[in-house]
Structure formats: structure tokens, C-alpha cells
Amino acid sequence: MRKIPNHGNLRVARVAYPLGLCVGLFIYVAYIKWHRASATQAFFSIAGAASGMQWGQQAHSLPGTPMRGHEVFYGIMFDAGSTGTRVHIFQFTQPPGETPSLTHETFKALKPGLSAYADDVEKSAQGIQELLDVAKQDIPSDLWKATPLVLKATAGLRLLPGEKAQKLLQKVKEVFKASPFLVGDDCVSIMNGTDEGVSAWITVNFLTGSLKTPGRSSVGMLDLGGGSTQITFLPQVEGTLEASPPGYLTALRMFNRTYKLYSYSYLGLGLMSARLAILGGVEGQPVASLHEPCANRVAEVLRNKVHRAEEVLQVDFYAFSYYYDLAASIGLIDTEKGGSLVVGDFEMAAKYVCRTLETRPPRSPFACMDLTYVGMLLQELGFPRDKVLQLTRKIDNVETSWALGAIFHYIDSLNRQQSPSS
Ligand SMILES: O=c1[nH]cnc2c1ncn2[C@@H]1O[C@H](COP(=O)(O)OP(=O)(O)O)[C@@H](O)[C@H]1O
Ligand SMILES: [Ca+2]
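Cut-offs used in this document
Residues numbered from 1 in each chain as written. Chains lettered and ligands numbered in written order. Predicted model: local features only at pLDDT ≥ 70, side-chain atom pairs only at ≥ 80, totals over all residues. Heavy atoms only, no water. Helix = DSSP H or I, 4+ residues; strand = E, 2+ residues; numbered from the N terminus. Contact = heavy atoms within 4.5 Å. Areas by Shrake-Rupley, 256 points an atom, 1.4 Å probe, with all protein chains shown as cover. Disulfide = S-S within 2.5 Å. Buried < 20%, exposed > 50% of the residue type's maximum accessible area, 1.4 Å probe, protein only. 1 Å grid on protein atoms, 1.4 Å probe; cavity = no way out; pocket = protein on both sides within 12 Å on 5 of 7 lines; lining within 4 Å. Points joined across faces, edges and corners; volume = space filled by probe spheres on them. Nonpolar A, V, L, I, M, F, W, Y, C, P; charged D, E, K, R; others polar. Domains from an automatic or database assignment. Phe/Tyr/Trp six-rings, centres within 6.5 Å; stacked < 30°, edge-to-face > 60°. Lys NZ or Arg CZ within 6 Å of the ring centre and 35° of its normal. Pairing = 2+ DSSP bridges. pLDDT = per-residue confidence, 0-100. Near = heavy atom within 4 Å. Polar contact = N/O pair within 3.5 Å; in protein donor to acceptor, adjacent residues only side chain to side chain. Sits in = over half its atoms within 2 Å of the grid points. UniProt positions renumbered as here; feature names shortened; annotations may be inferred. Expected span 1.5 Å × (residues − 1). Axes fitted to C-alpha atoms, helices over the stretch in contact; angles between N-to-C directions. Parallel < 35°, antiparallel > 145°, perpendicular 65-115°, else oblique. Left-handed = near helix turned anticlockwise from the far one by under 90°.

A. Inspection of the overall build of the chain at higher detail. Looking only at helices and strands, the chain features 13 helices and 17 strands. Counting only contacts in the chain whose residues sit at least 6 apart along the sequence, the fraction spanning at least 24 positions is 74%. Approximately 17,900 Å² of the chain is accessible, and the part contributed by carbon and sulfur atoms is 52%.

Encoded structure:
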């Protein structure tokens with residue numbers, strides 16, 4: 001199998017900013033759902049942040065510990081994904097008179113996801129408690145009561161019957177309320193798919209520095225979870241806006257600028273959901289030459305589900321989650337450092353793995369199917385075989401996930417509750 005040169009690291013190194021990148025950039029992000037068909041813009045808040053000054057005020061409302069005159073404060077974001085629950089503990093540092101910077105992230109993940117406890121809610125508390133203990137060890141105890149604690153659930157809970165999902169969230173809330181951290185009434189929720197995509201877009205553009213440098217083009221974001229998959233980018237071509245179906249465009253206001261983002265979350269097209277859908281129709285397949293029947297099934301599963309935006313050709317994309325894991329598992333990228341590949345590599349790898357299942361069994365019994373699915377999903381989304389993607393797990397030691405974008409928003413919303421006039 002062709003080993004792809006690792007352009008991604010160079011790229012990441014070039015674009016990566018020191019962790020102290022100014023968080024003040026983000027202050028006052030207001031998030032507006034924008035419907036092409038409607039002249040009226042419906043507002044709803046999502047991704048946080050604001051001007052340096054407002055972030056400064058925020059830092060005062062969340063008291064921190066002075067360290068050599070530097071104020072240090074924290075935010076805890078739980079990601080309740082369909083296949084696992086993760087904690088992200090963000091540390092911010094604010095030198096006197098300056099805006100706060102993101103200075104550290106502690107990350108820990110547990111499997112399975114919260115939805116696996118739908119029929120045994122009591123048992124879900126154990127993992128949550130374990131991750132909370134990580135936060136307690138990481139954060140100085142005098143800051144616990146000023147540190148916001150939030151959990152947002154994604155596809156796993158979206159796909160559960162409402163009542164089961166609510167019971168799980170209620171259990172988490174009980175555990176959170178009993179913790180020493182700052183817990184609001186909105187501390188646990190199911191996040192909608194657009195918020196998920198836009199928060200991840202903010203994270204990756206924050207970490208690559210694209211949002212800091214005026215005129216610098218932003219990057220697109222591809223996230224492939226277990227239950228859903230998101231694509232988000234900033235279109236530059238008017239035709240993309242015109243051709244986007246209702247519900248695919250979202251406006252993000254930041255720095256007196258409105259970003260009209262193309263963002264969509266496909267619920268049920270995450271890798272684990274796709275496996276279920278694909279396998280549903282396969283019975284008694286022969287073990288060899290699986291690629292073709294597999295591709296036929298995948299084509300059926302994807303038919304008429306995915307919108308193709310032509311402009312993705314011109315945008316640089318960062319892809320993570322299962323895109324990363326899958327590429328790493330078969331050596332297309334370095335497991336630790338990530339890297340870049342072209343879209344066609346997934347198809348090429350799929351054909352190879354499907355053909356050699358018996359002679360060279362892959363580590364995962366699903367490898368043939370997963371690679372076939374991902375290769376075809378990307379092509380359905382409009383990516384040609386020669387399109388280069390950057391695959392990253394971390395930029396500057398911070399996880400590329402929606403969690404950072406979402407904590408910006410949460411802290412900003414806390415700030416607005418505390419000083420409604422700002
Ligand atoms: O913060 C993260 N760091 C690294 N990998 C992550 C993170 N969040 C999710 N993932 C990856 O996402 C994939 C699973 O997706 P997830 O469980 O979040 O499903 P969902 O997004 O559809 O709910 C796995 O490949 C997992 O490693
Ligand atoms: Ca996820």
C-alpha cells in the first residue's frame with residue numbers, strides 16, 4: 001500500500017500558533033441560523049467568544065488564581081459521543097491587562113458512550129465520576145467552584161428514544177450537581193448537529209490561526225463520528241450559497257463580521273450507523289472480492305442522502321475522528337502525528353483490504369467495509385479522488401474537536417447572564 005508523504009505535519013507546524021494564542025479573538029460570537037429562502041434571519045446562540053475587553057470582563061466574573069500576576073482559570077467540557085465519553089479540561093491564563101490565552105488542555109476518553117447505558121442508567125454514573133476525578137486532579141481545589149462544568153451529547157443520544165435520553169441526562173446532572181464545580185441548569189444537553197459542526201469549525205480555525213489573521217483563508221472541517229458526520233466550510237462563491245438546500249447555511253457573527261457557513265450534520269451517516277445500515281442487507285456474501293458488493297451496498301445506503309457542494313474543491317479541509325482513525329489503522333498516515341492523504345487513497349486502500357481479506361486479515365473485521373464507506377462518502381460530498389485532506393488529532397497539543405469551540409460559547413453565555421448589558 002502506498003505510504004503517503006506526511007505533508008500534514010509541515011502544514012500544521014506552519015499554521016500552528018503557540019498555545020497562548022489570544023482567546024480574545026473570539027469574544028462576542030453570535031450565531032445565527034441563516035435560511036437562504038428567508039430574508040429574516042432567525043437568531044440562536046451557539047459559539048462563544050468576543051472582543052478582548054469583554055473576555056477580560058468575563059475573566060473577572062470567573063475568578064481565577066493569580067500566578068506571578070497571571071490569572072489562571074478553567075473550563076470543563078464533556079463530549080458524550082455515540083462511541084465514548086471524553087473530558088476536555090481547558091486552562092486559560094490571563095496576564096495583567098491582557099486578554100486570556102488558552103494555555104493547556106487535559107483530555108481523557110472512556111468507552112462505551114453514554115447511550116450504551118440506556119437500559120441501566122445507574123451504571124452510567126461511574127464513568128462520568130471517573131472523568132470528573134481527572135478534572136479534580138487537574139484543577140487546583142480553590143478554583144473548583146468557579147470552573148464551569150458542561151456536558152454535551154451528540155448522535156448517540158440524538159438517536160435514542162427521547163425518554164431514555166432524558167433519563168441519562170438527568171443522571172449526569174445529578175452527578176454534576178454533587179460535584180464541587182460550577183454547574184448551571186443548562187449543564188447537560190443534547191447538542192444539535194449544526195452547533196456540533198460549527199463549534200468544530202471554530203476550534204480548527206482557532207488552532208490553525210485562520211481566525212486571527214485578517215485575510216487569511218479559513219479551512220474546512222470534516223468530522224466522522226460513530227452516529228453522525230459533519231461538514232463545515234466558509235463558502236467564497238456566491239453560487240455555493242445559492243445552490244445550498246435550506247438548512248445547510250448558518251451564519252456566525254464574529255468581530256463585526258458575519259461568516260455565512262455551509263454546515264450540515266448527517267445523522268445516521270456516522271461510521272457505526274453506516275455499518276448497521278450496510279450490514280442490514282448483506283447475507284451470505286463470499287469472503288473474497290468483497291469490494292464490489294460492498295460498494296453497491298454503500299451506494300444504496302448513501303443514495304440521495306448527501307448534498308454535494310462544488311466549492312469543496314477549492315477549500316483546504318481538516319478531517320478528524322474516524323477519518324483519522326481509519327487512515328491511521330492501515331498506515332495511510334502516522335498514528336501519532338497524523339498527516340495528509342488524497343481522497344482516492346481510501347478507495348485504493350478499500351480495494352486492497354477487501355481483496356486480501358483472507359491472505360492478510362486486517363486488524364479490524366470491518367476494515368474493508370469502513371474504507372469503502374469513507375471513500376464513497378467523501379466522493380458523495382463532492383471531493384474528487386485527487387483532493388488532499390489534512391488529518392489531525394491535535395493541533396498544538398489541543399484536540400481537534402467541537403469541545404473547544406463549545407466551551408468558548410458556554411463561557412461567553414455565562415458572561416452574558418452575569419452582565420446582561422454587555
Ligand atoms: O476529542 C477527541 N479526540 C480524539 N478523537 C475523538 C475525539 N472526539 C471524538 N473522537 C473520535 O470520534 C470517533 C467517534 O465518534 P463519536 O463517538 O464522537 O460519535 P458521534 O460524534 O457520532 O457522537 C472516534 O474515532 C473517536 O476516536
Ligand atoms: Ca464526535
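B. Representation of the state of the cysteines in the model. Counted according to the given criterion, the structure contains one disulfide. Among the cysteines around Cys 294, which has no disulfide bond, Cys 368 carries the closest sulfur, lying 4.5 Å off. For Cys 294, a relative accessible area of 9% corresponds to the buried category.

C. A look at the layout of surface pockets. What the largest pocket holds in volume is close to 720 Å³. In terms of lining, the largest pocket is formed by 33 residues, of which the most central are Thr 83, Arg 86, Phe 107, Ser 321 and Asp 325. Among the residues making up the lining of the largest pocket, the classes are represented as nine nonpolar, 16 polar and eight charged. The two domains that each donate at least three residues to the lining of the largest pocket are domain 1 (71-190) and domain 2 (204-399). Approximately 380 Å³ is the volume attributed to the second largest pocket. Contributing to the lining of the second largest pocket are 19 residues, with Ser 329, Ile 330, Arg 363, Ser 364 and Ala 367 lying nearest its centre. Of all elements in the fold, only α8 (271-279), α10 (322-329), α11 (344-355) and α12 (367-380) reach the threshold of two or more residues within the lining of the second largest pocket.

D. Layout of the packing of aromatic side chains. Tallied over the entire structure, the rule returns 13 aromatic pairs. Where Phe 206 meets Phe 408, the ring centres are 5.2 Å apart and the plane angle is 75 degrees; that geometry is what we call edge-to-face. Linking Phe 206 in helix α6 (residues 193-207) with Phe 408 in helix α13 (residues 402-418), this pair joins segments that are 202 residues apart in sequence. Here the two residues Phe 206 and Phe 408 agree in accessibility, since each one is buried. Ring pairing ties together the aromatic residues Phe 233, Tyr 248, Tyr 262, Tyr 264, Tyr 266, Phe 317 and Phe 383, which thus form one cluster. Directly above the ring of Phe 366 sits Arg 275, whose terminal nitrogen or CZ lies 3.8 Å from the centroid.

E. Highlighting the pairing of strand β4 (residues 70-80). Among the 11 residues in β4, nine count as buried, and that is most of the element. Sheet topology places β4 next to strand β5 (residues 85-94); 10 bridges connect them, and they run antiparallel. In the strand pairing of β5, Gly 75 is matched with Phe 90. Taken together, β4 and the strand that follows it, β5, pair antiparallel across an intervening segment of four residues. Pairing geometry for β4 and strand β7 (residues 149-153), over five bridges, is parallel.

F. Spatial organisation of the confidence of the model for the chain. Mean pLDDT over the chain: 83, with 80% of residues reaching 70 or higher. Contacts from residues 1-61, a stretch scored under 50 in pLDDT, to residues over four places away or in other chains number 192 contacts. Below pLDDT 50 for its whole length, residues 281-287 participates in six contacts with residues either more than four positions away or in separate chains. On the interface metric, ipTM, the complex scores 0.98, and its pTM is 0.84.

G. Representation of the site of ligand 1 within the structure. As a structural note, the neighbourhood of ligand 1 is formed by 20 residues, with Thr 83, Arg 86, Thr 154, Asp 325 and Glu 399 the closest of them. Between ligand 1 and the protein, one listed contact pairs an oxygen atom with a side-chain N or O atom of Thr 154 at 2.6 Å. At a separation of 2.4 Å, an oxygen atom of ligand 1 approaches a polar side-chain atom of Asp 325. If ligand 1 stood free it would expose 550 Å²; the protein chains cover 90% of that surface. According to the grid-proximity analysis, the pocket containing ligand 1 is the largest pocket. Breaking the shell around ligand 1 down by element, the ones donating at least two residues are β5 and α10.

H. Summary view of the UniProt feature "active site" (unreviewed entry) in the chain. According to UniProt, the "active site" (unreviewed entry) feature falls on Glu 196. Tracing the backbone shows Glu 196 in helix α6. Residue Glu 196 is classed as buried on the basis of its relative accessible area of 5%. Setting aside chain neighbours within four positions, we find Glu 196 in contact with Thr 154, Arg 158, Met 191, Ser 228, Gln 230, Ser 265 and Trp 402.

I. Structural context of α11. Along its 12 residues, α11 runs 17 Å from first to last C-alpha, staying within 8% of the 16 Å computed at 1.5 Å per residue. Every buried residue of α11 is accounted for by Gly 344, Asp 345, Phe 346, Glu 347, Ala 349, Ala 350, Val 353 and Cys 354. On its buried face, α11 is in contact with α9 (291-302), α10, β14 (339-342) and α12.

J. Summary view of the packing of helix α3 (residues 124-138) against helix α5 (residues 162-177). The contact between α3 and α5 brings their axes to 10 Å, and the two run at 40 degrees. One way to sum up the angle between α3 and α5 is to call them oblique. The handedness of the crossing between α3 and α5 comes out as right-handed. Between α3, through Ser 124, Ala 125, Ile 128, Gln 129 and Leu 132, and α5, the contact on the second element is made entirely by Leu 168, Lys 171, Val 172, Val 175 and Phe 176.

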